[in-house]
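Single-letter residue listing:
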Amino acid sequence: MDNLISLVNKIQRACTALGDHGEASALPTLWDSLPAIAVVGGQSSGKSSVLESVVGKDFLPRGSGIVTRRPLVLQLHKSDEGTREYAEFLHLPRKRFTDFAAVRKEIQDETDRETGRTKQISSVPIHLSIFSPNVVNLTLVDLPGLTKVAVEGQPESIVQDIENMVRSYIEKPNCIILAISPANQDLATSDAIKISREVDPTGERTLGVLTKIDLMDKGTDAVDILEGKSYRLKFPWVGVVNRSQADINKNVDMIAARRREREYFASTPEYRHLAHRMGSEHLAKMLSKHLETVIKSRIPGIQSLINKTIVELETELSRLGRPIAADAGGKLYSIMEICRLFDQNFREHLDGVRSGGDKVYNVFDNQLPAALKRLQFDRQLSMENIKKLITEADGYQPHLIAPEQGYRRLIESTLVTIRGPAEAAVDAVHSILKDLVHKAISETPELKQYPGLRVEVGNAAIESLDRMRDQSKKAALQLVDMECCYLTVEFFRKLPQDVEKGGSPTQSIFDRYHETYLRRIGTTVLSYVNMVCATLRHSIPKSIVYCQVREAKRSLLDFFYTELGKLEQKRLSALLNEDPAVMERRSALAKRLELYRSAQAEIDAVAWSK
Ligand SMILES: Nc1nc2c(ncn2[C@@H]2O[C@H](COP(=O)(O)OP(=O)(O)OP(=O)(O)O)[C@@H](O)[C@H]2O)c(=O)[nH]1
């Protein structure tokens, strides 16, 4: 089963290296699902001493007052017999510490770097790995000691801050709580028991450790606690005797300290019967065994989390797209491919596969007819204007039978006003097409990946649309102008003649400008213009579709493609410069995916051999 813990340690190490250890990470974290052991207790209760005894090494800063001011995530890796012990910090990769006094100094310095040389605390953890043949595979977290009052130089909030930090570690269901209580204080006042009971009321994951048994008042002993009579925990209490401050000052080594501890329990009459389950060595073995059990029970959960995360990571990676080829040909091909995808999305909008193309029809069916209808031609066909134009057209020689020139001028001046709605229809379709370009851009994830290309493709498409709009405007206005320059003769031939209506062609000049006469001219012109409007209502949309819609579908990026062929390799590369954030995200995801895949393979292997 040792390989199980070593596997979890390995995964934890990989998680740590990837920054995948649960703090404000936007990515799912494997770390949170892996079991770890957190050491909690009041200040100077002996937490760091217990940790050192478990490790069997002297490497933690110790003393009175607040010493542990940042969480220390300590990973113990059992290495092969005969290999040299060393330690490594995550913040100093590749630097191997073989001198453990230097490890202690680095912990102090790294704490000071984050908090300053004050009594402040920080929740940013220090990650330390120890590789040794003399340790059991474990991950332990040393936390700042719980306190009741702030001392000189500390903010009032420190009491609550430490409690919150400790709680954030031990409230995770995967955390095994090593609750340290000093035997020379009343257990009822133990900070460790108080906080662990809050987060783990059933005691499923709390292991009680009693320190400083050697410092108890004469005549008192800890037998009732150690036998679980004073305060019962699910797991039996473990008593330890760590080195005193005097021992530390005298440099009593760990081997000697462990031997003394063994002797203490074996020779003290009160504890002799408990000696086999007391002491740091027993604690280390018990922790390791407990961790194994916990890991075993978590394996199915961890496996399903890993499988689920792999799917999520793969989906996101494929959404971000592949990195691009390095050679010019590959680049050109990629750009064309991305443009083709964009072009296809754009066309799908017009063809009704995606939404938005129907707005074009709305222009033809509603906007244009409404605009034509709004042209009342009142000003052009007012009595005054009709009279003016007819008189002007007659010149020095008043018309004899019908005011031919007058009619032409009146019709022309009225038809010209249709240019407005024709241009407006062209512009309306232009703006719809522009919107569709923007939509298609945002719906092409490959363009999101390359902001440079996105801008260029967007600009090129809009430029093409602008050209098509100009062309379309010309064509639509031409339709109107064509109507102005040649009138439909049949319309006038079919008109009832004055004579037939009983009028006389030899009426006086005065009568020719009589209101009834002028009104009849106005009515004739209006009905001619209305006939033309009805024709244009159908021909303008045809011209717009021909010049803009169909053309956009056919050749939106043609100009861009021509220009692309002329670009140098450098400019091509610039187009494919990825958004640095996307690049970062992709490589973070890829690394994480690698971690999860190897974790999956290893856990599956261990689970099968279980
Ligand atoms: N005699 C004796 N002294 C101990 C024992 N355990 C710890 N000490 C001493 O108590 C002091 C505090 O021990 P630490 O291990 O630094 O306590 P801590 O809980 O880690 O302290 P902080 O990190 O500051 O909260 C040190 O001087 C230790 O030598 C013990 O079992 N017996």
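Residues numbered from 1 in each chain as written. Predicted model: local features only at pLDDT ≥ 70, side-chain atom pairs only at ≥ 80, totals over all residues. Heavy atoms only, no water.

### Observations regarding the overall build of the protein
Along its length, the protein carries 22 helices and 8 strands. Taking all 610 residues of the protein together, the buried fraction comes to 49%. Sequence separation of 24 or more characterises 80% of the internal contacts of the protein that already satisfy a separation of 6 or more. Carbon and sulfur atoms make up 53% of the accessible area of the protein, which amounts to about 30,500 Å² in all. (Helix = DSSP H or I, 4+ residues; strand = E, 2+ residues; numbered from the N terminus. Buried < 20%, exposed > 50% of the residue type's maximum accessible area, 1.4 Å probe, protein only. Contact = heavy atoms within 4.5 Å. Areas by Shrake-Rupley, 256 points an atom, 1.4 Å probe, with all protein chains shown as cover.)

### Quick word on the pairing of strand E3 (residues 86-89)
Covered by surrounding structure in E3 are Tyr-86 and Glu-88 together with Ala-87 and Phe-89, the residues of both alternating faces. Bridge count between E3 and strand E4 (residues 126-132): 4 bridges; the pairing is antiparallel. Bridge pairing in E4 places Phe-89 opposite Leu-128. (Pairing = 2+ DSSP bridges.)

### Focus: the side chain of His-349
Here His-349 is to be found in helix H10 (residues 328-350). Contacts of His-349, omitting those with residues within four sequence positions, involve Arg-354, Ser-355, Gly-356, Gly-357, Leu-436, Lys-439, Ala-440 and Glu-443.

### Overview of the packing of helix H11 (residues 358-374) against helix H19 (residues 515-555)
Two elements in contact, H11 and H19, have axes separated by 10 Å at closest approach and are oriented at 145°. Both H11 and H19 take part in a crossing whose hand is right-handed. Mapping the contact onto sequence places Val-360, Phe-364, Asp-365, Leu-368, Pro-369 and Leu-372 in H11 and Cys-533, Arg-537, Ile-540, Pro-541, Ile-544, Val-545 and Val-549 in H19. Here the contact of H11 with H19 is built from residues that sort into 11 nonpolar, no polar and 2 charged. (Axes fitted to C-alpha atoms, helices over the stretch in contact; angles between N-to-C directions. Left-handed = near helix turned anticlockwise from the far one by under 90°. Nonpolar A, V, L, I, M, F, W, Y, C, P; charged D, E, K, R; others polar.)

### As for the pattern of salt bridges
A complete count under the given rule lists 34 salt bridges for this structure. Salt bridges linked by common partners bring Glu-52, Asp-58, Arg-104 and Arg-243 together as one network. (Salt bridge = Lys/Arg side-chain N within 4 Å of Asp/Glu carboxyl O.)

### Observations concerning the sheet that holds E4
Spatially, 8 strands are ordered E3-E4-E2-E5-E1-E6-E7-E8 in an open sheet, and the strand pairing comes out mixed. Each edge of the sheet is formed by a strand with only one pairing partner; in this case those strands are E3 and strand E8 (238-239). Two elements, strand E1 (residues 36-41) and strand E6 (residues 175-182), share 6 bridges in a ladder whose sense is parallel. Opposite Ala-38, over in E6, you have Ile-177 as the bridge partner.

### A closer look at the packing of H11 against helix H14 (residues 419-442)
Helix-helix packing is characterised by the crossing angle of the two axes and by the distance between the axes. At a closest axis distance of 10 Å, the pairing of H11 and H14 adopts a crossing angle of 160°. In terms of their interaxial angle, H11 and H14 are classed as roughly antiparallel. Once H11 is placed against H14, the crossing between them reads as right-handed. Of H14, the residues touching H11 (which contributes Lys-359, Val-360, Val-363, Phe-364, Gln-367, Leu-368, Ala-371 and Leu-372) are Pro-421, Ala-425, Ala-428, Val-429 and Ile-432. Partitioning the contact of H11 with H14 into residue classes produces 11 nonpolar, 1 polar and 1 charged. (Parallel < 35°, antiparallel > 145°, perpendicular 65-115°, else oblique.)

### Some words on the packing of aromatic side chains
What the rule picks out here adds up to 11 aromatic pairs. With centroids separated by 6.4 Å and ring planes inclined at 80°, the aromatic side chains of Phe-59 and Phe-100 adopt a geometry described as edge-to-face. Taken together, the residues Phe-59 in the loop between helix H2 (47-55) and strand E2 (72-78) and Phe-100 in helix H3 (residues 100-115) connect sequence positions 41 residues apart. Centroid distance Phe-491 to Tyr-528: 5.0 Å. Interplanar angle 70°. Geometry classified as edge-to-face. Highlighted residues: Phe-491 in helix H17 (residues 489-493) and Tyr-528 in helix H19, separated in sequence by 37 residues. (Phe/Tyr/Trp six-rings, centres within 6.5 Å; stacked < 30°, edge-to-face > 60°.)

### Remarks on the side chain of Glu-106
Along the chain, the position of Glu-106 falls in helix H3. In this structure Glu-106 comes out as buried when scored by relative accessible area, which is 9%. Once you skip the residues sitting within four places of it in the chain, Glu-106 turns out to touch Phe-89, His-91, Leu-92, Phe-97 and Arg-113.

### Some details on the confidence of the model for the protein
On average, the protein scores 84 in pLDDT, and the residues at 70 or more come to 89%. Every residue in residues 22-28 is under pLDDT 50, and counting partners more than four places away or in other chains gives 13 contacts. Here residues 499-510 is a poorly scored stretch, pLDDT under 50, and it has 9 contacts once near neighbours within four places are set aside; other chains count. Taken over the whole predicted complex, pTM reads 0.58, whereas the ipTM for its chain interfaces reads 0.97. (pLDDT = per-residue confidence, 0-100.)

### Some thoughts on helix H8 (residues 254-267)
Relative to the 20 Å expected for 14 residues at 1.5 Å per residue, H8 spans 19 Å between its end C-alpha atoms, a close match to the ideal helical length. Those residues of H8 that fall on the buried side of the exposure criterion are Met-254, Ala-256, Ala-257, Arg-258, Glu-261 and Phe-265. Lining the buried residues of H8 we find H2, E8 and helix H9 (280-320). Between a side-chain oxygen at the N-terminus of H8 and the backbone nitrogen of Ile-255 the separation is 3.0 Å; the capping residue is Asp-253. (Expected span 1.5 Å × (residues − 1). Polar contact = N/O pair within 3.5 Å; in protein donor to acceptor, adjacent residues only side chain to side chain.)

### A closer look at the pairing of E2
Counting buried residues along E2, 6 of its 7 residues qualify, which places the element largely inside the surrounding structure. Of the strand pairs in this sheet, E2 and E4 are connected by 7 bridges, and their pairing is parallel. The partner of His-77 across the bridge, within E4, is Phe-131.

### Thoughts on the environment of Ala-257
Its location among the elements puts Ala-257 in helix H8. Ala-257 sits 10 residues away from Asp-247 along the chain, and the two C-alpha atoms are 8.6 Å apart.

### A closer look at the nonpolar core
Among the nonpolar cores identified, the biggest contains 67 residues, and Ile-335, Phe-342, Phe-346, Val-437, Leu-453 and Phe-560 are the most heavily contacted of them. Of all the elements, H19 adds the most residues to this core, at 13 residues. In terms of nonpolar packing, the next biggest core, distinct from the first, is built from 55 residues, Leu-74, Leu-593, Tyr-596 and Ile-603 among them. (Core = buried A, V, L, I, M, F, W, Y, C linked by side-chain atoms within 4.5 Å.)

### Re the environment of Phe-559
Within the element layout of this structure, Phe-559 appears in helix H20 (residues 558-566). The sequence separation of Phe-559 and Ala-460 amounts to 99 residues, and the corresponding C-alpha distance is 7.6 Å.

### Points about unusual backbone geometry
Even without being glycine, Arg-94 reaches a positive phi, approximately 70°. A relative accessible area of 77% places Arg-94 in the exposed class. One non-glycine residue, Lys-212, lies in the positive phi region at around 55°. On the secondary structure map, Lys-212 appears in the loop between strand E7 (206-211) and helix H6 (223-226). When its relative accessible area of 24% is taken as the criterion, Lys-212 is described as partly exposed.

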